[in-house]
Amino acid sequence: MAVNMITKIVRLRQVVRHWKKKSQRRRSYSSDSDESTDSKCRTPSGSLAVYVGPDRLRFVIPTRFLNLPVFVALLHQAEEEFGFRTTGGLILPCEPDFFRKIVNLLEEDEEKFCGLGLDEFVNIVSEVGFDCSCKDSSSSSHAFTPLLTRV
């Protein structure tokens, strides 16, 4: 009788492992863009995963972007906000929609936008009429605030 019970337990563990693997595969295939992939997915060679915003949305960017002035400014902001010692991945204190716009502009025409700093990107994005939660509703002039504010 004890052998029968042990066999049932072993079989149950096998079934649980099978379904766990199946659910993990389904989760990784269900995402439709790089920035929303499961954090356990591998980052492609020549790329870097960064986490943006208060919800830590994951973006995968080419490592060559890190030398651009806008990313240097964001890295300085991250250093001021979090210091050098952080647990986990590289976190950037920036609104996800603004960061997505920066990445999109650089992917569209990197040569044109590669020399721009953070202030220039703020101007470009605010001139385009960037409509999201990044606008400061408490300000009377509704100034654009792409960086997260300290609480």
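What counts as what
Residues numbered from 1 in each chain as written. Predicted model: local features only at pLDDT ≥ 70, side-chain atom pairs only at ≥ 80, totals over all residues. Heavy atoms only, no water. Core = buried A, V, L, I, M, F, W, Y, C linked by side-chain atoms within 4.5 Å. Buried < 20%, exposed > 50% of the residue type's maximum accessible area, 1.4 Å probe, protein only. Helix = DSSP H or I, 4+ residues; strand = E, 2+ residues; numbered from the N terminus. Contact = heavy atoms within 4.5 Å. Pairing = 2+ DSSP bridges. Axes fitted to C-alpha atoms, helices over the stretch in contact; angles between N-to-C directions. Parallel < 35°, antiparallel > 145°, perpendicular 65-115°, else oblique. Nonpolar A, V, L, I, M, F, W, Y, C, P; charged D, E, K, R; others polar. Arc of directions from axis to C-beta. Salt bridge = Lys/Arg side-chain N within 4 Å of Asp/Glu carboxyl O.

Undergrad: Account for the nonpolar core, with residues named and values stated.
TA: With 24 residues, the main nonpolar core has Phe71, Phe99, Leu106 and Phe121 as its most contacted residues. Ranked by the residues each element gives to this core, the list is headed by helix H3 (residues 96-108), at six residues. Residues within four places of Phe121 in sequence aside, it is in contact with Val70, Phe98, Ile102, Leu105, Leu106, Phe113 and Leu116.

Undergrad: An account of the sheet that holds strand S2 (residues 57-62) is requested, with residue identities and associated values reported.
TA: Spatial ordering of the open sheet is given by S2-S1-S3, a layout of three strands whose pairing is mixed. This sheet does not close on itself; its edge strands, each paired only once, are S2 and strand S3 (90-92). Neighbour to neighbour, the strand axes of the sheet diverge by 40 degrees on average, direction disregarded. The pairing of strand S1 (residues 47-52) with S3 spans three bridges and is classified as parallel. Looking at S3, one finds that Tyr51 is bridged to Ile91. On the sheet, helix H2 (residues 69-82) packs against S2 and S3 and is oriented at approximately 100 degrees with respect to S3.

Undergrad: So what about the packing of H3 against helix H5 (residues 118-127)? Which residues, and what values?
TA: Two measures define how a pair of helices packs: the angle their axes make with one another and the distance between the axes. Contact geometry of H3 with H5 gives a least axis separation of 11 Å together with a crossing angle of 95 degrees. When the axes of H3 and H5 are compared, the pair comes out roughly perpendicular. For the pair H3 and H5, the contacting residues are Phe98, Lys101, Ile102, Leu105 and Leu106 in the first and Leu118, Phe121, Val122, Ile124 and Val125 in the second. Looking at side-chain class alone, the contact of H3 with H5 contains nine nonpolar, no polar and one charged residues.

Undergrad: Give a detailed account of H5, specifying residues and quantitative values.
TA: Along H5, the positions that sit buried rather than exposed are Leu118, Phe121, Val122 and Val125. Looking down the long axis of H5, one finds its buried residues gathered within 105 degrees of arc, a one-sided arrangement. Within H5, the exposed residues directed more than 90 degrees away from the buried face are Asp119 and Glu127. Check the buried side of H5 and you find it contacts H2, H3 and helix H4 (110-113).

Undergrad: Give me the lowdown on unusual backbone geometry, citing residues and values where you can.
TA: Here the phi dihedral of Arg56 falls at roughly 55 degrees; this positive angle occurs in a residue that is not glycine. Tracing the chain through its elements places Arg56 in the loop between S1 and S2. On the basis of relative accessible area, Arg56 is assigned to the partly exposed category, the value being 36%.

Undergrad: Summarise the pattern of salt bridges; cite the residues concerned and give the values.
TA: Within this structure, the stated rule accounts for two salt bridges. Across the salt bridge formed by Arg64 and Glu110, the nearest N and O atoms sit 2.9 Å from each other. Of this pair, Arg64 sits in the loop between S2 and H2 while Glu110 sits in helix H4; the two residues are 46 residues apart in sequence, bridging distant segments of the chain. The class of Glu110 is partly exposed, set by a relative accessible area of 23%.

Read these as layout, nothing more, since geometry by itself doesn't imply function.
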